[in-house]
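A structural walkthrough
Below, each chain spelled out in residue letters.
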Amino acid sequence: MKPISDLLLISDMDGTLLTHEKQISKENLEAIRRFEKAGGHFTIATGRSAASVFRFIDLLQLQLPAIIHNGAQIYDFSTRRGLWDAYLPEESRDYVRQAIQKYPSVGVEVVAGEQIYVVNSNLYTEQHFAREKIPFVVCDLDDTPQNWYKVLFAMDAELMPEFSMYMRGKNYPGISFVQSWIHYFEMLPGHASKGQALRKLSGLTRIPLQNIVAVGDCYNDLDMLQMAGVGAAVGNAAAEVLNAADVVLRSNEEHAIAEIINMIFEEDARLQHLL
């Protein structure tokens, strides 16, 4: 197996690194420190905005840039600077307006710069900000700035299949979609995903993709797991993610990141042919 100093471990946050209570366990944090002390590299790939990651930065002390907005930006938290960005086309504003007109109950959050703009509120957007304790701006759709990283649509789980089919069926140019949670559906720049951003990050850090171990749980993690040398799914992952993973770990409540780090240190047989 490759030396630890040659490896990059990249983890999704919600449902993977974080517990259901949105905490990083002591076991995960200690394992990350041990991994970095041995020369390993660690960072995160998340659908979260920079604002919602900042409260974890003092704990994580990231030495490498992170993937945020589900792959629409590579962001250096040490300098508070974007290193690579992908933006939705300006026509997205009209597409969102049409979606709100057809589905007025769907909550809509627009992410631009380091700010989140709530242009259509519902129970799920209210819960989102209450849970994360992050700042946001409530405004009309036309009052949001240009250069959107993503749009998050929040809704009842029962509406998700119909809403997803409606949006995907439009075949909007320059746009892709991903379901990031049972209540969240996201509009992204067409060439943005965690997997494509991982390829960019590999180039920026000069760490080959085959030396990267990626861990995730949801559909928005799929192409990242497939792009990496090792794709690991936590035990609570969606069935499609579990089926696509090279390795299945314990759940996010059972310190899955510590588990994969221990596997690396112990040169676990499940990783031998991958690393």
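For the structure itself, look to the data block above.
What comes next is a walk through the structure. (Residues numbered from 1 in each chain as written. Predicted model: local features only at pLDDT ≥ 70, side-chain atom pairs only at ≥ 80, totals over all residues. Heavy atoms only, no water.)

In contact at an axis separation of 12 Å, helix H4 (residues 92-102) and helix H6 (residues 160-169) are set at 145° when each is read in the N-to-C sense. The handedness of the crossing between H4 and H6 comes out as right-handed. Of the residues in H6, those touching H4 at Gln98, Ala99 and Lys102 are Phe163, Tyr166 and Met167. In the contact of H4 with H6, the residues fall into 4 nonpolar, 1 polar and 1 charged. (Axes fitted to C-alpha atoms, helices over the stretch in contact; angles between N-to-C directions. Helix = DSSP H or I, 4+ residues; strand = E, 2+ residues; numbered from the N terminus. Left-handed = near helix turned anticlockwise from the far one by under 90°. Contact = heavy atoms within 4.5 Å. Nonpolar A, V, L, I, M, F, W, Y, C, P; charged D, E, K, R; others polar.)

Looking at the secondary structure, you find glycine 40 in the loop between helix H2 (26-37) and strand S2 (41-44). The buried category is assigned to glycine 40, whose relative accessible area is 8%. Between the C-alpha atom of glycine 40 and that of leucine 8, which follows or precedes it by 32 residues, the distance is 6.3 Å. Apart from residues no more than four positions distant in its own chain, glycine 40 is found in contact with Ile4, Ser5, Leu7 and Phe35. (Buried < 20%, exposed > 50% of the residue type's maximum accessible area, 1.4 Å probe, protein only.)

Further remarks concern the pairing of strand S1 (residues 8-11). Here S1 shows no split at all, with Leu8 and Ile10 on one side and Leu9 and Ser11 on the other all buried. With 4 bridges joining them, S1 and S2 adopt parallel strand pairing. Note that in S2 the partner of leucine 8 across the bridge is histidine 41. (Pairing = 2+ DSSP bridges.)

Estimates place the volume of the largest pocket at around 670 Å³. Asp14, Lys22, Ser180, Trp181 and Tyr184 are the residues nearest the centre of the largest pocket, which is lined by 36 residues in total. Listing elements by their share of the lining of the largest pocket, those giving two or more residues are helix H1 (13-17), strand S6 (107-112), helix H5 (123-132), strand S9 (148-154), strand S10 (175-181) and strand S11 (184-189). Of the residues belonging to the lining of the largest pocket, the class tally is 11 nonpolar, 13 polar and 12 charged. (1 Å grid on protein atoms, 1.4 Å probe; cavity = no way out; pocket = protein on both sides within 12 Å on 5 of 7 lines; lining within 4 Å. Points joined across faces, edges and corners; volume = space filled by probe spheres on them.)

The sheet built from 3 strands is open, its strands ordered S3-S4-S5 with antiparallel pairing. The sheet is open, and its two edges are formed by strand S3 (66-68) and strand S5 (81-85), each paired on a single side. Adjacent strand axes in the sheet meet at a mean angle of 35° when their direction is disregarded. In the sheet, strand S4 (residues 73-76) pairs with S5 via 4 bridges, with the strands oriented antiparallel. When the sheet's bridge partners are listed, glutamine 73 is paired in S5 with aspartate 85.

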